[in-house]
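Chain and residue survey
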Amino acid sequence: MQVLCVSQHDSPPDAGLEVSAQVSVCVYGYRQSFASTPKGHHFRHVFPDDSSVLVVHSSAGALNASVGKADTNPSLARRSVSSLTSFPFANASHAYPIADATEMVVTWVTGHHISGKPCVEYGIDDLSMKAFGHSSRFADGGHEKRHIYVHRVVVKDLKPSQTYQYHCGSDDGWSAVYHFRAKTKGSHWSPRFAVFGDMGAANAQSVPRLEQDVRRGMYDAILHVGDIAYNLHSDNGKVGDAFMRLIEPIAAYVPYQVCPGNHEHKYNFSHYDHRFSMTDSRTGSLNNHFYSFNMGPAHFVSLSTEYYYYTDFGWDQIRRQYEWLVDDLRAANSPESRAERPWIITMAHKPLYCMTDDRSCSPIDSSDAFQRRRLRKGIKMQGSGKRKYGLEALFFKYGVDIQLYGHEHNYQRLFPVYDNHVLNGSTAHPYHNPKGPVVVITGSAGCDEHHAKFRKHVPDWSAFRSTDYGYTRMTVHNKTHVSLEQVSDDQKGKIIDRFVVVKDRHL
Ligand SMILES: [Fe+2]
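Definitions and limits used
The numbers attached to residues start from 1 for each chain and follow its sequence in the written order. Confidence filtering applies because this is a predicted model: local features only for residues at pLDDT of at least 70, side-chain atom pairs given and counted only at 80 or more, and all residues used for totals across whole chains, interfaces and linings. Computation of side-chain values: all heavy atoms of the structure, hydrogens and water removed. UniProt positions are given in the numbering used here, feature names are shortened, and annotations may be inferred rather than shown by experiment. For the purposes of this entry, the term helix denotes a DSSP run of H or I that reaches at least four residues, the term strand denotes a run of E that reaches at least two, and both are numbered from the N terminus. A contact between two residues is defined here by any heavy atoms of the two lying within 4.5 Å. Definition of a polar contact: a pair of N or O atoms within 3.5 Å, with one able to donate and the other able to accept a hydrogen when the atoms are protein atoms, and with sequence-neighbouring residues admitted only if both atoms are side-chain atoms. Water is absent from the atoms considered, so a metal site may look incomplete; donors are defined as N, O and S atoms within 2.8 Å of the metal, or 3.2 Å for Na, K and Ca. Burial status follows relative accessibility: with a 1.4 Å probe on protein chains alone, a residue under 20% of its type maximum counts as buried, one over 50% as exposed, and anything between as partly exposed. The criterion for strand pairing is that DSSP finds at least two bridges linking the strands in question. Here the axes come from fitting lines to C-alpha atoms, over the contacting stretch only for helices, and the angles between their N-to-C directions go from 0 to 180 degrees.

The protein is annotated in an unreviewed UniProt entry as Purple acid phosphatase from Oppiella nova. Per UniProt, the comment on the protein under Catalytic activity (unreviewed entry) is "a phosphate monoester + H2O = an alcohol + phosphate".

Now for the environment of Lys 350. Along the chain, Lys 350 turns up in the loop between strand 23 (343–347) and helix 7 (373–376). Residues Lys 350 and Gly 443, spaced 93 residues apart in sequence, show a C-alpha to C-alpha distance of 9.9 Å. Not counting residues up to four positions away in its chain, the partners in contact with Lys 350 are Asn 262, Thr 305, Glu 306, Tyr 309, Arg 372, Leu 375, Tyr 405 and His 407. Here Glu 306 takes part through its side chain, which lies 2.5 Å from a polar atom of the side chain of Lys 350.

Glancing now at the coordination of the iron ion. Every protein donor of the iron ion is listed here as Asp 227 (OD), Asn 262 (OD1), His 349 (NE2) and His 407 (ND1), and their distances to the metal cover 2.0 to 2.1 Å. Counting residues between consecutive donors of the iron ion along the chain gives the motif D-x34-N-x86-H-x57-H. Within this pair, whereas Asn 262 is found in the loop between strand 20 (256–258) and helix 4 (266–275), its partner His 407 is found in the loop between strand 26 (402–405) and strand 27 (411–414), the two being separated by 145 residues in sequence. Of the two residues examined, Asn 262 and His 407, each falls in the buried class.

Paired through backbone hydrogen bonds, the strands of a sheet run either parallel or antiparallel to each other. Spatial strand order, 21-22-23-26-30-27-31: seven strands in an open sheet with mixed pairing. Both edges of this open sheet fall to strand 21 (291–295) and strand 31 (462–466), since each of them pairs with a single strand only. Going across the sheet, the axis of each strand differs from the next one's by a mean of 15°, ignoring polarity. Two elements, strand 26 and strand 30 (residues 438–442), share four bridges in a ladder whose sense is parallel. Bridge pairing in strand 30 links Gln 403 to Val 439. Helix 5 (residues 316–332) contacts strand 21, strand 22 (298–302) and strand 23 of the sheet and is inclined by roughly 175° relative to strand 22.

Laid out in structure tokens, this is it:
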């Protein structure tokens, strides 16, 4: 193996980073880009087969890179780090208001047991502070029965809005040095997001552009609305490992918030459960299936649509999630909460409406698949009785403003819709005080299942659609304005759709 290219170029003017250079390293199919600070940068990368290690060191404008056998450093040979950050984490003691929590969870995976407690070393100017966490082990369900070790460290008492350097590891070895920015306090700021679903380890076309955006400091969080890696469990979990490495240049720098999709269902969602660390800011519990969090003037609710489809794993989880949803939405609608954070935004995988050309988006009214009837209207528990736990009426009752979905491998913007009726704010301005929720489906980040075509019949609620690969950017500007735009990767980053939701009343 040899280094094929190492490049160094000037920092882009809008990078928003204190950097002296942008550095890219390519080794066969692997590429790593990073911002080199005036103090230099040093990282090691162990390749997926654990056979080789790449070492890069930059200092005072000079750049050195080398590739060697990983077994020259036994500790690195045993390490395979994919670092993720997520927030907010709130411990059960609730030492301060959840909305102002300044904590970050760092999660990584190794293929072997590590010595001692997993650790994150971090700091503003150096890595002088330490936080320790816990490790857990789970067995993949494939024929190799691989054991995968997950390490979670909660970094606490962070200064709001402050950028920290960090690396993670143990006495066995350390990751590269990354950085994250602690969450900004309060509701008077404008969080920015990249939103997409259905991104796999193969044909992940949007990743380089997302990585570039992250390096330029364009986002405060990533929202991956289900269908991850294709699949986390495939090839004895090695595809999941490869995907985590793929997104590391994104997810090690910006909180990576997820919800479950159908591609996560294998072995009762065990890879999904173990590899991510989503925390419900209201209860403080770790729950990757349903949780909520606040950012700026918005309350985000993440939920599982897959409970309604994978009932082999149980029926009661549908009820438990629904009751949690009622409690969460009720709390978000208290006069104080709605005044502080008027926007309620949901993220889930399967949309309630879609016009993709397949049976699951069927327009045939007699079918349970009719615009996802079991999600919209409710499901017959154990297959009989009245439909229960429908989401559409619940979201409408509690004034959910925007719904983000994936699953369809395309982009769709809908007019405000409820019960198949368009409820525009006005003919000229459909998104000014819309009378129903605004729905965006963004499942075209790129995966090995490629695009999904549209039905020929265009429903009244369909406002814009595209099969270009890409992703959505969303900014919650303030208490009255949210803007969304669709980036086409096929068209070299061209914005192919843009709209603003304006609301001065939310119920
Ligand atoms: Fe899906």
